[in-house]
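# Structural overview for review
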Amino acid sequence: MLRGLSGLILVLLGLHIAGWFRGLDRVEKAGGRIWRLLQPLGRPFLPMDRPYKAAVIGAVWGWLPCGLVYSVLLWAAASADPVSGATYMLAFGAGTLPGMLAAGWFAGRLPASRHLPLLRKTAGVVLVLLGLAVLSAPWLSAGGQP
């Protein structure tokens, strides 16, 4: 059941990021309220011209709600084993680190926001496909038998 919820969250998040579903707007607004509370904690560490400043800013950002993290947390919880759950979370962190670093690097080099709609739609489609893969995994591993 938790795996299904995780896959559903990924699908909804993908549709939201692509701009095809506005059902997560309330969650996004709640995240904005949380950010307004957290933002002052990181302000003294700007500009991020030292590694320790970047670490503090990253720790502050870590408190923001994130649908991807929540879906992986559900998946880790569904494993019902602390070692497996920790392994899921470690793999998620290691797997997203290159993408996050690349996104930050590319974001600084993209001209204005000309490519943003295509990028959002592409990211949304990738998340929807990943969510569908998570949802279909039990049937695929059973050889298509329900």
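For the structure itself, consult the block above.
Report on the accompanying structure. Note that this is a predicted model, so its numbers are computed, not measured. (Residues numbered from 1 in each chain as written. Predicted model: local features only at pLDDT ≥ 70, side-chain atom pairs only at ≥ 80, totals over all residues. Heavy atoms only, no water.)

The helix and strand tally for the protein stands at six helices and zero strands. Reading the helices (α) and strands (β) of the protein from amino to carboxyl end gives α-α-α-α-α-α. For the protein, the spread of C-alpha atoms along the principal axes amounts to about 55 × 40 × 30 Å. Contacts in the protein between residues at least 24 apart in sequence constitute 64% of all its contacts with a sequence separation of at least 6. When the accessible surface of the protein is totalled, it reaches about 10,300 Å², and 73% of it is carbon and sulfur. Between the averaged position of the 13 positive side-chain charges in the protein and that of its 4 negative side-chain charges there is a distance of 8 Å. (Helix = DSSP H or I, 4+ residues; strand = E, 2+ residues; numbered from the N terminus. Contact = heavy atoms within 4.5 Å. Areas by Shrake-Rupley, 256 points an atom, 1.4 Å probe, with all protein chains shown as cover. Lys, Arg positive; Asp, Glu negative; His and termini not counted. Charge placed at Lys NZ, Arg CZ, Asp CG, Glu CD.)

Our next topic: a positive patch on the surface. A contiguous patch of positive charge on the surface is contributed by R26, K29, R33 and R36. Looking at where K29 falls in the secondary structure, it is placed in helix α2 (residues 25-42). Using a relative accessible area of 57% as the deciding quantity, one classes K29 as exposed. (Patch = residues over 30% accessible without salt bridge, like charges linked within 9 Å, V, L, I, M, F, W, Y side chains within 5 Å. Salt bridge = Lys/Arg side-chain N within 4 Å of Asp/Glu carboxyl O. Buried < 20%, exposed > 50% of the residue type's maximum accessible area, 1.4 Å probe, protein only.)

This next bit is on the packing of aromatic side chains. This structure, assessed with the given rule, holds two aromatic pairs. Each ring, one from W75 and one from Y88, has its centre 5.3 Å from the other, and the planes form 20 degrees; the classification is stacked. With W75 in helix α4 (residues 67-78) and Y88 in helix α5 (residues 82-107), the pair connects residues that are 13 residues apart, well separated along the chain. Exposure remark for W75: the relative accessible area of 26% places this residue in the partly exposed category. (Phe/Tyr/Trp six-rings, centres within 6.5 Å; stacked < 30°, edge-to-face > 60°.)

Moving on, we get to helix α1 (residues 2-18). The α-helix winds at 3.6 residues per turn, so residues separated by three or four positions along the chain end up facing the same way. Between its terminal C-alpha atoms α1 stretches 24 Å, which fits the 24 Å expected from 17 residues at 1.5 Å a residue. Along α1, the positions that sit buried rather than exposed are S6, G7, L10, V11, L13, G14, H16 and A18. Note on α1: the residue one or two positions beyond its end, G19, has a positive phi of about 90 degrees. (Expected span 1.5 Å × (residues − 1).)

Moving on to the pattern of salt bridges. As enumerated under the stated definition, the model contains two salt bridges in all. R22 is the salt-bridge partner of D25, the closest N and O atoms lying 3.0 Å from each other. Taking the relative accessible area as the measure of exposure, D25 reaches 24% and is therefore partly exposed.

For the rest of this paragraph, the subject is the side chain of K53. Structurally, K53 can be placed in helix α3 (residues 51-61). Relative accessible area serves as the criterion here: at 14%, K53 is assigned to the buried category. With residues near it in sequence (within four places) discarded, K53 still touches F45, P47 and M48.

So, about the side chain of H16. Among the structural elements, H16 can be located in helix α1. For H16, a relative accessible area of 4% puts it in the buried group. In this structure, H16 is in contact with F21, R22, L24, D25, E28 and R120, ignoring residues within four places of it in sequence.

With that settled, the discussion passes to α2. The terminal C-alpha atoms of α2 lie 25 Å apart, and with 18 residues this matches the ideal 26 Å at 1.5 Å per residue to within 8%. At R36, α2 shows its maximal kink, close to 35 degrees; a proline, P40, follows between one and four residues later. Taken as a whole, α2 has its buried residues at G31, L38 and G42. In the core, the buried residues of α2 are packed alongside α3. (Bend = angle between axes of the 7 residues up to and from the residue.)

Distances and angles like these do not, on their own, reveal function.
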